[in-house]
Each structure stands twice: as structure tokens, then as C-alpha cells.
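Geometric and topological summary
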Amino acid sequence: MTIAAFLNDITEWDWDAAPPRKILFRDDVPRLPKVLPRYLPVDTDRRLTKALTEHPENELAALALRLQRACGLRIGELLDLELDCVHEIDGNGAWLKVPLGKLDSERMVPLDRETLDIVDRIIRVRDHGRALPHPRYGRPAQFLFTYHGRRLSTEGMRRELDRASHTAGLGHITSHQLRHTYATALVNAGVSLQSLMTLLGHASAEMSLRYGRLFDTTVRTEYERALELAKNHVSAGSDPISGGGAEAGRIRLPLTDITGGKDWRTTPLLKSRMAGGFCLRATAQGACSYANICEHCPSYRTDATSLPILAAQRVDADALARDAEQRGWIDEAKRHHDLIKRLDALITEAEAAG
């Protein structure tokens, strides 16, 4: 791009060395590699947190790093926090007001009890000195991170992070990786794209979607489930010589292999409820065009004896619709609502016939 700008400039300046026509186009410029955010694996994250918590050299810097990990803040946003940054909202708990940062936008991040304890400890440890001029507004401000009469510096945080990394036996770690780790944990927990954008202060969905491409527990779970099914299919297949009887080819499908021992309705997967069972799919598979196809078929008939099953199916469909809405799966939520309408009609017809 620098060369292209130079050629444009000498053309505008009418230099003799200017090329007679345009020789560089946008497609000629090689694209930079799209590097995924570098997050800390779970074990590394745990060891680093332990090193920052136990016997820190600079306690205020260690607490700042722990707060950054707990809230996913950029380092500039972190150090610009003021003493009154925590807000209690009636019925909605405590929230951290993140000041104007890299993208000139403010946001609120929810706080749990453990993070509130970190903030309380910061307030006890910080230097209760005079107000300092705010770098953005110029007005005096009581910053949350003040140390020896000055604001905590990025260099002070860097030294404490290096010390903790060395103590934990880890390699080089940057403070921004704590933000990436926060975001990755949210993605693995199934947070919706809209919520992730709000929590991270992203201006576009493209910025948040980078975290959706990371290796996560959902991908791992789907891989292991598919692998287990494939193994069961091979082991249960009929012998090509001796046959295999009625059990030949049957795929064993233990429930815990799919849900990890959890209730299937709370898994971070696309879920469908049928009268005789349920279906789980990875989010990448999208809404299934065959899900509940029988219930929507004009030839489908039922009677009063099936009312308990239909009623239970409706309860599950309502719960799945709310779950899909919370995760930001709009199409999936609509599919569940359509099923609820159809079940209501079927139940009404069955009750009238009975």
C-alpha cells in the first residue's frame, strides 16, 4: 500500500518518473494472514490466576489483571476506570461501567460476587490520594488504580504479569490474552453473538465472530460424539460371513455420550422435541427441515389418548424457544414457536373429539 500511495503521489505531482498508467491495483496487494485471538487454555488460565492471587509482588497490578480477566476489558479501559465504576441496579445486581475506550463507546458489564470481591480489595489496596487529571477530559478524577500518588502504568502491569507467568512456569503472556480468554469462555458457554458484542464493546459482528472460529468445547463434544457413533456402528455391524441376527448394525446411543451427563434441554446445541424422543445437532448444522415434520403434516392425526404426550412436548418446545432466544438463534426460536402453535391446534382438536 505504501508503494501504491507513492506512485499516486508522483503522478499527481507530474514527476517525469511517474508511470504513464496505473500499474498497481487493490488485488495486487497480498492479504495479511487472519490470525485467531490467542486465548489461554483452561489449565494455563487457572495456574496464572493462582500465581496472581498468591503472594503477588505488586498487589494492585495483580488485582488489575484479575479484573481484566473477569470482565474482558482492554487495558486502556481498565486503567481509565474511576472509583465510582460499580453500579447497583435494582433487581439486576451489580454492573461495571466501562468508560469510553478504543471505539469511543461506553458499556456495562455484569459482575458476579467473586469479581465484586476483587473490586472491594482494589479499593482497600489503592492509594487514596488526590484526584488526578483525566487524559480524555482534563477534569480531576479519582481513578480506581492509583499507586504511590500516580496512576498504575501498563509497564507496572507488564512486570507483574511477567512475574506471575514465570512463577506459574508459563511462557510469555500478554494482558490482551486475558480479554481473549474471557471472550472464548463466553463462546464456549453458548453466549449469543449480540451479547458477546455488547460485553466486549465491539462495533461490528465481524469483530466478535472471530471467537466463533476458535477451537471450543462444543466442537470437541460434537467430534467425540460422532467418533463414538462411528465406532459403535462398526463394532455392532453384522459379520459378512456369519451374519449378525436382529442386533446386527444397531448403533448404541448412550444418552450421556450426547449430553455429557446433563439435561438435553440445557445443552448448547440445537434441540428438537418429538413425541417419542429428541434430537440434538451442532449449531453449524442449522435448523433441520425434517424436525417435527410429522406434527406439521396434514395427514397427521391424534386423539385424546395422546394428550399427555402432546402436552409434555409443548412444555419442552416452549422451554426450547426461550433457550434459543437467549442464545440469539432467531430461526430456531421461530421453529419452536411454530411447533407450539401446531401443538395447540392438535390438542384442541383432540380435546374436542374426546
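Use the structure listed above.
This write-up is about the structure you can find in this document. (Residues numbered from 1 in each chain as written. Predicted model: local features only at pLDDT ≥ 70, side-chain atom pairs only at ≥ 80, totals over all residues. Heavy atoms only, no water.)

Turning next to the pattern of salt bridges. This model, assessed by the stated rule, comprises 21 salt bridges. Of the charged contacts, one joins aspartate 323 and lysine 271 as a salt bridge, the two residues approaching to 3.1 Å between their closest N and O atoms. Here the residue aspartate 323 occupies a position in helix 13 (residues 307–326), and lysine 271 occupies one in strand 8 (residues 270–274), the gap between them amounting to 52 residues. What makes aspartate 323 buried here is its relative accessible area of 12%. Among the ionic pairs, arginine 322 bridges to aspartate 318, the shortest N-O distance being 2.3 Å. Pair noted here: arginine 322 and aspartate 318 are both in helix 13, with a separation of four residues, about one helical turn. A relative accessible area of 27% places aspartate 318 in the partly exposed class. (Salt bridge = Lys/Arg side-chain N within 4 Å of Asp/Glu carboxyl O. Helix = DSSP H or I, 4+ residues; strand = E, 2+ residues; numbered from the N terminus. Buried < 20%, exposed > 50% of the residue type's maximum accessible area, 1.4 Å probe, protein only.)

The interhelical angle for the contact between helix 3 (residues 59–71) and helix 6 (residues 154–167), taken along N-to-C directions, is 85 degrees, at an axis separation of 9 Å. Taken together, helix 3 and helix 6 sit at an angle that is classed as roughly perpendicular. On the side of helix 3, the interface is formed by Ala61, Ala62, Ala64, Leu65 and Gln68, while helix 6 contributes Gly156, Met157, Glu160 and Leu161. Among the residues making up the contact of helix 3 with helix 6, the classes are represented as six nonpolar, two polar and one charged. (Axes fitted to C-alpha atoms, helices over the stretch in contact; angles between N-to-C directions. Parallel < 35°, antiparallel > 145°, perpendicular 65-115°, else oblique. Contact = heavy atoms within 4.5 Å. Nonpolar A, V, L, I, M, F, W, Y, C, P; charged D, E, K, R; others polar.)

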